[in-house]
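Below, each chain spelled out in residue letters.
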Amino acid sequence: MGKEHRDFLQIPDFTKSELLALFGIAERMRSGKYKKKPLAGKTLAMIFMKASTRTRVSFEVGTYQLGGHALFLSPRDVQLGRGEPIADTARVLSRYVDGIMIRTFAHQDVEEFARHAEVPIINGLTDMVHPCQVLADLLTARQHVKTKLENLVVAWIGDGNNMANSWINAAYRFGFELRIACPEGYEPADHLVARAKGSATIVITRDPAEAVKGAHVVNTDVWASMGQEDEQRQRERAFRGFSVNAALMKRADKNAIFLHCLPAHRGEEVSADVIDGPQSRVWDEAENRLHMQKAIMAALMGGESLK
Ligand code: CP
Ligand code: NVA
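Bear in mind the structure is a predicted one, so any value in this text is a computation, not a measurement. (Residues numbered from 1 in each chain as written. Chains lettered and ligands numbered in written order. Predicted model: local features only at pLDDT ≥ 70, side-chain atom pairs only at ≥ 80, totals over all residues. Heavy atoms only, no water.)

(A) Inspection of the packing of aromatic side chains at higher detail. Following the criterion strictly, the structure yields seven aromatic pairs and no others. On the basis of an interplanar angle of 55° and a centroid distance of 4.8 Å, the ring pair of tyrosine 186 and phenylalanine 239 is categorised as tilted. One end of the pair, tyrosine 186, is in the loop between β6 (177–181) and α7 (190–196); the other, phenylalanine 239, is in the loop between α9 (232–238) and α10 (246–251), and 53 residues separate them in sequence. For the residue pair tyrosine 186 and phenylalanine 239, the accessibility class agrees, reading buried in each case. By way of ring pairs, the aromatic residues Tyr186, Trp223, Phe239 and Phe242 are connected into one cluster. One Lys or Arg, arginine 56, reaches over the ring of phenylalanine 72 and ends 4.0 Å from the middle of that ring. (Phe/Tyr/Trp six-rings, centres within 6.5 Å; stacked < 30°, edge-to-face > 60°. Helix = DSSP H or I, 4+ residues; strand = E, 2+ residues; numbered from the N terminus. Buried < 20%, exposed > 50% of the residue type's maximum accessible area, 1.4 Å probe, protein only. Lys NZ or Arg CZ within 6 Å of the ring centre and 35° of its normal.)

(B) Structural context of the site of ligand 2. If you check the shell around ligand 2, you find Leu125, His130, Asn161, Asn162, Asp221, Ser225, Met226, Cys261 and Leu262 and nothing else. Contact between ligand 2 and asparagine 162: an oxygen atom at 2.8 Å from a side-chain N or O atom of the residue. Aspartate 221 is positioned with one of its side-chain polar atoms (N or O) 2.6 Å from a nitrogen atom of ligand 2. Notes on ligand 2: free accessible area 270 Å², of which the protein chains cover 95%. Put simply, ligand 2 lies in the largest pocket. (Near = heavy atom within 4 Å. Polar contact = N/O pair within 3.5 Å; in protein donor to acceptor, adjacent residues only side chain to side chain. Areas by Shrake-Rupley, 256 points an atom, 1.4 Å probe, with all protein chains shown as cover. 1 Å grid on protein atoms, 1.4 Å probe; cavity = no way out; pocket = protein on both sides within 12 Å on 5 of 7 lines; lining within 4 Å. Sits in = over half its atoms within 2 Å of the grid points.)

(C) Quick peek at the site of ligand 1. Close to ligand 1 lie Ser52, Thr53, Arg54, Thr55, Arg103, His130, Gln133, Cys261, Leu262 and Arg289. The backbone of threonine 53 places a nitrogen or oxygen atom 2.6 Å from an oxygen atom of ligand 1. If ligand 1 stood free it would expose 250 Å²; the protein chains cover 95% of that surface. Here the residues of the shell around ligand 1 are counted per class, giving two nonpolar, five polar and three charged. (Nonpolar A, V, L, I, M, F, W, Y, C, P; charged D, E, K, R; others polar.)

(D) Representation of helix α6 (residues 162–174) in the model. Helix length check: α6 (13 residues) gives 18 Å between terminal C-alpha atoms against 18 Å at 1.5 Å per residue, within 8%. Counting buried residues in α6 gives 11 out of 13 residues, a clear majority hidden from the surface. Taken as a whole, α6 has its buried residues at Asn162, Met163, Ala164, Asn165, Ser166, Trp167, Ile168, Asn169, Ala170, Ala171 and Phe174. Two or three places before methionine 163, at the start of α6, stands the capping residue asparagine 161, its side-chain oxygen 3.0 Å from that residue's backbone nitrogen. (Expected span 1.5 Å × (residues − 1).)

By themselves, these are just geometric observations and shouldn't be taken as functional.
Okay, here's the thing in structure tokens:
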């Protein structure tokens, strides 16, 4: 494959009209109308430097459903885990496979991989962003919220983490209102907020009630992300009061949906009655990972047009 390939490292790597085309493809895949096998004869390498249930299974199954083959590579399996340089790994894998999905810690590592690879790189989560997940979340909002994406009010409760940062990138592309309630010291990335403010309304508050007022989508995530396990106790103290419970959901729009990328900690960032309750769409959200990533792979690796 030549240098004309495209990567998907962050949501703004696609234009708004390309994102809408991707949603359309994903929806055709979900409904069963999409019958093509754009990955026939192609292979996806999946590098996981962190644990995963949804990302691993949805990429592997999705590749198979599109006619291709996926390879699961953990640090125990590949020399990357023993210090082989990222650049060398990227160059070598590019001679074998047609696309590479990476889940790792530093976002710069994925960028470095992309600089040296000759095939598309797809970001399966870094400490900075989780773009495949938030595209699946937007697909879930299209499925379950009547309001158009541009007019959404989205509330984020809790840590200003990789998920919050990807929501900021989504707001940047679609121009919706995003309200983030986080404790002091746990804010999302300044440079992403600054960029998004040019085209979206981004509110950062300390008050979850203010953030959810009239919101169409209420969203949260774990208090300690992968790699932050040692901070669990300290974070439990810092995030007290930043739980999504029934009382908080009542302040949102009456048709509001609850989303969580999972895995969830019931009794911490979300109460069981909310995540297992009637407003929760978390299982459709998890399913949408499959459809969304298939659309992304069809476009980046399978020649599917986004025009
Ligand atoms: N939401 C998500 O990315 O889940 P996994 O960590 O299980 O892949
Ligand atoms: N913020 C979480 C998301 C897991 C899918 C983490 O990075 O661990």
